[in-house]
Amino acid sequence: MTAETTGGDLSRLRHLNALTAIRVLRADEAGFTLTELARRTGLSRASTEDVVRDLTERGWVAEAEKTAGGVGRPARRYRFRADAGHLLGVDIGRHRVLALLTDLDGKVLHSHRVEAAPGLGRVERLAATDDAVRGVLRAGALSGDRLWASGVATTGLVDGTGKVMLSEALHEWTGVDLAAHLGRLVAGRVLVENDSKLAALAENWQGVARHSRDVVFILSGVATGAGLIIDGKLHRGFGNAAGEIGALPAVGWTRAPEHLRDWPGEGDIFAAARDGDRRAAAAIRRYVKDLAVGVSALVLTLDPELVVVGGGFAGSADLLIGPLRAELDRWCIRTPEIRVSTLADQGVALGAVKLAADHVGTVLASGSGLTSIDQFARA
């Protein structure tokens, strides 16, 4: 074996040891002592000390705050620095583009919103997306090459390369390659997924469904969509079209929002219903009846523990949940618990952040494509 080969082998070993330590440290925010870390990684005490020293110098690891109590001087504990890198989550909607900048644990550090008219064409909507991304990076005093990974949410069907295969909600949106477009502004991997799916992912991560393994998420608003969590994982289906039950005309999801748009009154229909307007209340009931057909079909198929209602209409859940539950009681063998999303208008963008965070976790777990941990942003 040559000295060059030996040096390469040692460098690779140090790299693998560093990845092992990072995986363990990320599992507990409280951190670990050197003894605990050596035991969990299977490394020798001396190797663990070397790895922690190196990662501390590189800014990946820091000494955890000392906890009060106990006798004598406590052993030093070390934690992974979630602020060692940043993630980007972008929600491209009909009326606005929202970008979130987070640390590696998904803690939101900055957000930037750009309003967008529903009738914008591809060029204008992509420009609004660029403005949102640049704005949030500016707020964080970061350049795009400092991002580890980015997630993007959009309406429509998305393929595995980040291209929109079909979108009826946004003008000139079918065929847009979002991964390639955003890749001009940011480093790291750009992952693209349907907005309803990412909203479901966010609920299972930080929302009301975080303790549930089987969930139907309903994105209610001007358009209606669904995302499915099965056995704790986002379900995409063979062609990434799982949950697109609204494509079936008999379900009535395309027609449902029209009941709210076409009511003969003025102002906000939900406010009018709360004030006792019977026509507004009747229109809302018709909307819920159409919504419930698709929800019932999903419930009967998947038998979920939980149905979560989010999206633009979730703020009026006081008028929707009761009637929806009554409709499900009519059609379903077992009506699951129905809860309202608490993630407000950040839910979809948080799901995009989670998509990026999962990519980071996968790369760190496998080490695939990394010859040095300092080149992560290019993986």
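Values in this document were obtained by computation on a predicted structure and should not be read as measured data. (Residues numbered from 1 in each chain as written. Predicted model: local features only at pLDDT ≥ 70, side-chain atom pairs only at ≥ 80, totals over all residues. Heavy atoms only, no water.)

Caption draft 1: Region of interest: the UniProt feature "domain: HTH iclR-type" (unreviewed entry) in the protein. According to UniProt, the "domain: HTH iclR-type" (unreviewed entry) feature falls on residues 17–62. When the span residues 17–62 is considered, its composition is 70% helix and 9% strand, and the gap between its end C-alpha atoms is 17 Å. (UniProt positions renumbered as here; feature names shortened; annotations may be inferred. Helix = DSSP H or I, 4+ residues; strand = E, 2+ residues; numbered from the N terminus.)

Caption draft 2: The arrangement of the packing of aromatic side chains in detail. Here the structure, examined in full by the defined rule, presents four aromatic pairs. Each ring, one from Trp-60 and one from Trp-148, has its centre 5.1 Å from the other, and the planes form 45°; the classification is tilted. Remark: Trp-148 occurs in strand 7 (residues 147–154) and Trp-60 occurs in the loop between helix 3 (45–58) and strand 2 (61–63); sequence separation between them is 88 residues. Under the relative-accessibility criterion, Trp-60 is labelled buried at 5%. (Phe/Tyr/Trp six-rings, centres within 6.5 Å; stacked < 30°, edge-to-face > 60°. Buried < 20%, exposed > 50% of the residue type's maximum accessible area, 1.4 Å probe, protein only.)

Caption draft 3: Quick look at the sheet that holds strand 1 (residues 32–33). Strand order in the open sheet made by the three strands is 1-3-2, with antiparallel pairing throughout. Single-partner strands in this sheet number two, and they are strand 1 and strand 2. The pairing of strand 2 with strand 3 (residues 77–80) spans three bridges and is classified as antiparallel. Bridge pairing in strand 3 places Ala-62 opposite Arg-79. (Pairing = 2+ DSSP bridges.)

Caption draft 4: Structural detail: the side chain of Ser-196. Relative to the elements of secondary structure, Ser-196 occurs in helix 6 (residues 195–206). For Ser-196, the contacting residues outside a window of four places in its chain are Phe-217, Leu-219, Gly-225, Ala-226 and Gly-227. (Contact = heavy atoms within 4.5 Å.)

Caption draft 5: Quick look at the pattern of salt bridges. Scanning the entire structure with this criterion turns up 19 salt bridges. Of the charged contacts, one joins Asp-303 and Arg-334 as a salt bridge, the two residues approaching to 2.9 Å between their closest N and O atoms. Of the two residues, Asp-303 is situated in the loop between helix 9 (278–302) and strand 14 (306–310) and Arg-334 in the loop between helix 10 (317–331) and strand 15 (337–340); the sequence distance between them amounts to 31 residues. In this structure, the salt-bridge partner of Lys-354 is Asp-358, at a minimum N-O distance of 2.9 Å. In this pair, Lys-354 and Asp-358 both sit in helix 11 (residues 347–366), four residues apart, roughly one turn of the helix. Assessed through its relative accessible area of 19%, Lys-354 is described here as buried. Residues joined by salt bridges that share partners form a network here, namely Lys-289, Glu-327 and Arg-330. (Salt bridge = Lys/Arg side-chain N within 4 Å of Asp/Glu carboxyl O.)

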